[in-house]
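# Summary of structural features
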Protein chains: 2
Amino acid sequence: MVQTAPRQLKLGAILAGVGTNHGDWRDPAVPGDASVDINWYIEQARKAEAAKLDLVFIVDSPFITPDTAPHYLNRLEPLTLLSGIAVSTSRIGLVGTLTTSYWEPYNVARQFGSLDHISKGRAGWNVVTTGLEGAARNYGREEHFAHAERYARALEFVQVVQGLWDSYEDDAFPRDKAAGIFLRKDRQHRLDHNGVHFSVAGPLALSRSRQGQPVIFQAGDSDEGRNLGAHIAEGTFAAAADFETALSYTRDLKARAARLGRDPDRIVVMPGLSVFLADSDEEARALEEARLGRLDFAKSLVELGRLFNYHDFSAYDPDAAFPDVSNLTLNSYKGGAERVVRTAREEGLSLRETVARFVERRSAFVGTAATVADEIERWFRAGAVDGFNLHVARPADFDRFLTGVVPILQDRGLFRRDYEHDTLRGHLGLPVPENRYTVARGLADAIAAE
Amino acid sequence: MVQTAPRQLKLGAILAGVGTNHGDWRDPAVPGDASVDINWYIEQARKAEAAKLDLVFIVDSPFITPDTAPHYLNRLEPLTLLSGIAVSTSRIGLVGTLTTSYWEPYNVARQFGSLDHISKGRAGWNVVTTGLEGAARNYGREEHFAHAERYARALEFVQVVQGLWDSYEDDAFPRDKAAGIFLRKDRQHRLDHNGVHFSVAGPLALSRSRQGQPVIFQAGDSDEGRNLGAHIAEGTFAAAADFETALSYTRDLKARAARLGRDPDRIVVMPGLSVFLADSDEEARALEEARLGRLDFAKSLVELGRLFNYHDFSAYDPDAAFPDVSNLTLNSYKGGAERVVRTAREEGLSLRETVARFVERRSAFVGTAATVADEIERWFRAGAVDGFNLHVARPADFDRFLTGVVPILQDRGLFRRDYEHDTLRGHLGLPVPENRYTVARGLADAIAAE
């Protein structure tokens, strides 16, 4: 019997400038302009790379209001940001978020393909459809696409982009200077896609990188979101409020993928994770409590409202039961909003308790490095996750995670001590996708030879 | 009388991977994969910065065919490419080409604004409308926008982007951790643009950089192109076939700008320039002749055809008079194509001679470093140009230009010996644009105080 290598935990770092919560920026160690300072990002990425993490991850949003939390108010755009990080690192993966609702597939294919070359095969694209209806008005539309349409467009969009990424077979460029042959013309392919939502001819003016194509991440948690993930995701970054939720999500997503004929091991589930770390569990809990105590409830209400397309929750009694919002069309962050409503109903939470659960506390692991490592190991061994994407909000916690938690995970044989690969696909154990035209010609040749 | 500083020559380097002509890639010193190798670009940019050049420049095209020349066939996308260069340099300006015909203003504003932050105020955007009709089919359109419509859209597009860049006044972010005030809400502004071609609400989630806004470059040479330049250009990168053409273009463009009430000194005219350099003028001419002799006439015909939307010129007798193409709709590179037709007609050129003039030879300065410096000085002092953008095609010529021609220009007091600024606006002598909302409030305050 072949001995297979033990399953390895995956770890990413969500680099977030001034944080991931409306209060994080007030941490004395966070520079006020971190979200627009490339040097801050490069420094965090290099730390993550020194600890052998799989990837850094950049979230995004194409719509703000004056009440939007600081980490979305003023920030570098993911692709330019990641290109700056790419030339400042050498091994760590680089995953950026970009919406399929307000971009052109041709431009997206070019930019992520270019990032994949610039990073020598370390690019990933986190595919989102944009939750906030207000984004529509930044793009010449009166109304945001309806939820189901957004997901249908997303699937077709990704298929177009992946088709464009195959425009050149890997042997397309002999670059024979003596003979004057740069391109083998029969190795360049037009996509000629004519679909429901997009028509794109191609070819893209870009060859494939060392990892073939950028890795596709996806984060949707609604029914449509999970179906999209089952079709296209090679990694997911879904919410995981608690262990049971995570386990149920992962089983469901992988079952959906298997039903589509995909190998469920080729989807790496890496939910976001917040940590509070200290020398004792009590101290860590006190840190978390202190942070919660500093949060402005009015701002937390705005962040809760963001899940419901900036619905105004300040009109409700915070200590009464979570209000009836069944009249709202959940066209924003539908999966997340549905979970909030369902949980509040089932557990009889007040508005204040709901805010504490979903905005202020979220799914943090709190304690010593060993306590947090135990929890990570538990989730991982049970198959609730394949790894985590750590929210980098408080620099002290990030440093403690990298120098405290990661070595424990290494000692337990769960996490790599050094990189064995230098592409993102290599780190995540994902195969290099074969070029579709090379595959097709191989089949045609085989049939002709029979 | 105030002594004003002498007018200073501006110099840019067009970094072009495997070159700017279908034969350049065969130069033994050009790596075959230069156009997709970020390290090649970074190396050239650092050389340019060491020589104190104003900027590097990246051209672009969103459409290829199997017959497209090597430098457009397979290449990094400008914004990701320039972001990689940005963190690898510290002073030189970074100008990227992007079309207004197939992008969303909100995304363009974010990405160039982000590059401006990543580079600490060194970004520039070369605004183009896309010459090639085939591009339409990469973006879901059956037909390319007509020439006049392209330019009307371009003007509105740039105005929207510049409006979005002003979303935050420069004092918008007190980031007072003690008081918990990150943003002054009255310093964030929605654009609420509702125009003929675009509707964009804003605000953009990005503050202004040290230079206020990226510098706008433009390259159109047709009547519509010049009008657009007169409205928006702070720098131009137009063709300059010869001295008379350049002088006439520059006078015309600046006169158009003056008629619009703009200061003509605030448009820096920097046409493209090719050089062949050697230790003697004869040797340099021999280099150029040898290069022309190596060019494949059939491929040169394709490049000529590109100006006419890939019209097939191979069907004509190359030694007969330039063919009658009056039946073609010049919706591609209209200014350039009109110039070709007019010149061929006026000078009675054959097709072969036309190809030699406009595709193969172009406007090269050929000779020793001193000869080339003399020609640059002559054009500059006469006001035909404010500077040049050097086509970086053959590494040997680039090195000779930087180490031979530039020092002569410095000795003559025409070009800086060291950087006096660290923003692109600083290098080009362009003022930092005031934020429109700050200006408006200043006016309102002044009126209220009267």
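Everything quoted here is computed from the prediction, not taken from an experiment. Per-chain numbering applies: the sequence of each chain, read as written, is numbered from 1 onward. Key to labels: chains lettered from A, ligands numbered from 1, both in the order written. Owing to the predicted nature of the model, reporting of local features is limited to residues with pLDDT of at least 70; listing and counting of side-chain atom pairs is limited to 80 or more, with chain, interface and lining totals taken over all residues. The basis for every side-chain value is the complete set of non-hydrogen atoms in the structure, without hydrogens or water.

### Details of the environment of leucine 82 of chain B
All names here are of chain B. Runs of E in the DSSP output that reach at least two residues are strands. Runs of H or I that reach at least four are helices, and both are numbered from the N terminus. Position of leucine 82 among the secondary structure elements: in helix 3 (residues 78-86). Along the chain, leucine 82 and tyrosine 41 lie 41 residues apart, while their C-alpha atoms are 9.0 Å from each other. When checking whether two residues touch, look at their non-hydrogen atoms; a contact exists if any pair is within 4.5 Å. Ignoring anything within four residues of it in the chain, the contact list for leucine 82 reads Val56, Ile58, Leu94, Val95, Gly96 and Leu115.

### Focus: the sheet that holds strand 9 (residues 268-269) of chain A
Residues and elements named next belong to chain A. Read across the open sheet, the 10 strands follow the order 9-8-7-4-3-2-1-12-10-11; overall the sheet is parallel. Sheet topology places strand 9 and strand 11 (364-367) at the edges, where each strand pairs with a single neighbour. For two strands to count as paired, DSSP must find a minimum of two bridges between them. Taken together, the 3 bridges between strand 1 (residues 10-15) and strand 2 (residues 55-58) define a ladder with parallel strand orientation. Looking across to strand 2, one finds that glycine 12 is bridged to leucine 55.

### A word on the sheet that holds strand 12 (residues 387-392) of chain B
Residue and element names in this part refer to chain B. Reading across from one edge, 9-8-7-4-3-2-1-12-10-11 is the order of the 10 strands in this open sheet, with parallel pairing throughout. Each of the sheet's edge strands pairs with one partner strand only, and the pair in question is strand 9 (268-269) and strand 11 (364-367). Pairing of strand 8 (residues 235-236) with strand 9 involves 2 bridges; the strand directions are parallel. Looking at strand 9, one finds that threonine 236 is bridged to valine 269. Every axis corresponds to a line fitted to the C-alpha atoms, with the helix fit spanning only the stretch in contact, and the corresponding angles, defined between N-to-C directions, vary from 0 to 180 degrees. Strand contacts of helix 4 (residues 105-118): strand 3 (93-99) and strand 4 (123-128), with the helix running at about 150° to strand 4, the strand carrying the most contacts. In the packing of helix 12 (residues 369-381) onto the sheet, the strands contacted are strand 10 (272-277), strand 11 and strand 12, and the crossing angle to strand 11 comes to about 140°.

### Quick look at the packing of helix 12 (residues 369-381) of chain A against helix 13 (residues 395-411) of chain A
Residue and element names in this part refer to chain A. Where helix 12 meets helix 13, the axes come as close as 9 Å, and the angle between the chain directions of the two elements is 50°. Classified by the interaxial angle, the pair formed by helix 12 and helix 13 is oblique. The handedness of the crossing between helix 12 and helix 13 is right-handed. Every residue of helix 13 that contacts helix 12 at Ala369, Ala370, Val372, Ala373 and Ile376 is listed here: Phe401, Gly404, Val405, Ile408 and Leu409. For the contact of helix 12 with helix 13, the per-class residue count stands at 9 nonpolar, 1 polar and no charged. Roughly parallel covers angles under 35 degrees, roughly antiparallel covers those over 145, roughly perpendicular covers 65 to 115, and oblique covers all other angles. Working rule for handedness: look at the near helix, and if it is turned counterclockwise from the far one by less than a right angle, call the crossing left-handed; if clockwise, right-handed. When residue character is reported, Ala, Val, Leu, Ile, Met, Phe, Trp, Tyr, Cys and Pro are called nonpolar, Asp, Glu, Lys and Arg charged, and the others, Gly included, polar.

### A few points about the UniProt feature "binding site: FMN" (unreviewed entry) in chain A
Residue and element names in this part refer to chain A. UniProt positions are given in the numbering used here, feature names are shortened, and annotations may be inferred rather than shown by experiment. According to UniProt, the "binding site: FMN" (unreviewed entry) feature falls on Asp60, Thr97, His147, Tyr151 and Ser222. Within the secondary structure, threonine 97 is located in strand 3 (residues 93-99). With residues up to four places along the chain from it excluded, the contact list for threonine 97 reads Phe57, Ile58, Val59, Asp60, Pro78, Asn126 and Val128. Within 3.5 Å is the distance limit for a polar contact, defined as a pair of N or O atoms, with the added protein rule that one can donate a hydrogen and the other accept it, and that residues adjacent in sequence qualify only through two side-chain atoms. Here isoleucine 58 takes part through its backbone oxygen, which lies 2.6 Å from a polar atom of the side chain of threonine 97. Along the polypeptide, tyrosine 151 turns up in helix 5 (residues 147-165).

### Here's the deal with the pattern of salt bridges
Residues and elements named next belong to chain B. Only one rule defines a salt bridge in this text: a Lys or Arg side-chain nitrogen within 4 Å of an Asp or Glu carboxyl oxygen. The final tally for this structure, using the stated rule, is 74 salt bridges over all chains. One salt bridge in this structure joins aspartate 192 and arginine 190, with 2.9 Å as the shortest N-O distance. Exposure is judged per residue with a 1.4 Å probe applied to protein chains only, and the accessible area is read against the type maximum: over 50% gives exposed, under 20% gives buried, and values in between give partly exposed. Of the residues examined, aspartate 192 reaches a relative accessible area of 42% and is grouped as partly exposed. Judged by its relative accessible area of 45%, arginine 190 falls in the partly exposed class. The partner of arginine 339 in a salt bridge is aspartate 221, with the nearest N and O atoms 2.4 Å apart. On the criterion of sequence distance, the pair formed by arginine 339 in helix 10 (residues 334-347) and aspartate 221 in the loop between strand 7 (215-218) and helix 6 (223-232) is long-range, its members being 118 residues apart. As far as burial versus exposure is concerned, arginine 339 and aspartate 221 are alike and both buried.

### Digging into the interface of chain A and chain B
The interface is formed by 74 residues belonging to chain A together with 74 residues belonging to chain B. Here chain A meets chain B over a buried area of about 6,100 Å², counting both sides, of which 54% is carbon and sulfur. When two components associate, each loses some accessible surface as probed by a 1.4 Å sphere; the sum of these losses over both components is called the buried area. Of all residues in chain A, the largest losses of buried area upon contact with chain B belong to Arg110, Lys177 and Phe182 of chain A, amounting jointly to 12% of the total for that side. One can count 6 salt bridges joining chain A with chain B. For lysine 185 of chain A, the salt bridge is made with aspartate 67 of chain B, and the minimal N-O distance between the two is 2.4 Å. Joining chain A to chain B, the criterion identifies 45 residue pairs in polar contact (both at pLDDT 80 or more). Elements with a contribution of two residues or more to the side of chain A that touches chain B: helix 1 (38-50), helix 2 (70-73), helix 3 (78-86), helix 4 (105-118) and strand 6 (199-200) of chain A. The element contributing the most residues to the side of chain A that touches chain B is helix 4 of chain A, with 7 residues. Per-class residue counts for the side of chain A that touches chain B are 37 nonpolar, 20 polar and 17 charged.

### Details of the relation of the copies chain A and chain B
After a rotation of 180° and a shift along the axis of 0.0 Å, chain A superposes on chain B with an RMSD of 0.0 Å. Overall, the copies show the geometry of a two-fold rotation axis. The share of interface residues of chain A whose copies in chain B are also at the interface is 100%, consistent with both copies meeting through the same surface. To line up the copies, we fit them by least squares on C-alpha atoms, keeping just the residues with pLDDT of at least 70 in both.

### Focus on the pairing of strand 1 (residues 10-15) of chain B
Side-chain positions along a regular strand alternate between the two faces of the sheet. Residue and element names in this part refer to chain B. Of all 6 residues in strand 1, 6 are buried; the element is thus mostly enclosed. Neither face of strand 1 is exposed, since Lys10, Gly12 and Ile14 on one face and Leu11, Ala13 and Leu15 on the opposite face are all buried. Inspection of the sheet shows strand 1 paired to strand 12 by 6 bridges, in the parallel sense. By the bridge assignment, leucine 11 is partnered in strand 12 with phenylalanine 388. Classification remark: right-handed applies to a crossover when, strands pointing away from the viewer, the course from the first strand over the helix to the second runs clockwise. Since strand 1 and strand 2 (residues 55-58) lie parallel, the crossover through helix 1 (residues 38-50) that links them has a hand, and here it is right-handed.

### Looking at the packing of aromatic side chains
Pairing of aromatic side chains requires ring centres within 6.5 Å, counting the rings of Phe and Tyr and the six-membered ring of Trp. Pairs whose planes differ by under 30 degrees are stacked, by over 60 edge-to-face, and all others tilted. Summed over the entire model, instances satisfying the criterion amount to 39 aromatic pairs over all chains. Between tyrosine 139 of chain A and tyrosine 106 of chain B the ring centres are 5.3 Å apart and the planes differ by 65°, which places this aromatic pair in the edge-to-face class. With tyrosine 139 of chain A in the loop between strand 4 (123-128) and helix 5 and tyrosine 106 of chain B in helix 4, this pair bridges two chains. Taken as a pair, tyrosine 139 of chain A and tyrosine 106 of chain B share a single burial class, namely buried. Ring geometry for phenylalanine 57 of chain B versus phenylalanine 217 of chain B: centroids 6.0 Å apart, planes at 80°, classification edge-to-face. Of the two residues, phenylalanine 57 of chain B sits in strand 2 while phenylalanine 217 of chain B sits in strand 7, which places them 160 residues apart along the sequence. Judged by relative accessible area, which is 0%, phenylalanine 57 of chain B ranks as buried. Cluster of aromatic residues (ring-pair linked, three or more members): Trp25 of chain A together with Tyr168, Phe173 and Phe182 of chain B. Across the ring face of phenylalanine 145 of chain A, the terminal group of arginine 153 of chain A is positioned such that the distance to the ring centre comes to 4.1 Å. Here, over-ring charges are defined by two tests on the NZ atom of lysine or the CZ atom of arginine: distance to the ring centre within 6 Å, and angle to the ring normal within 35 degrees.

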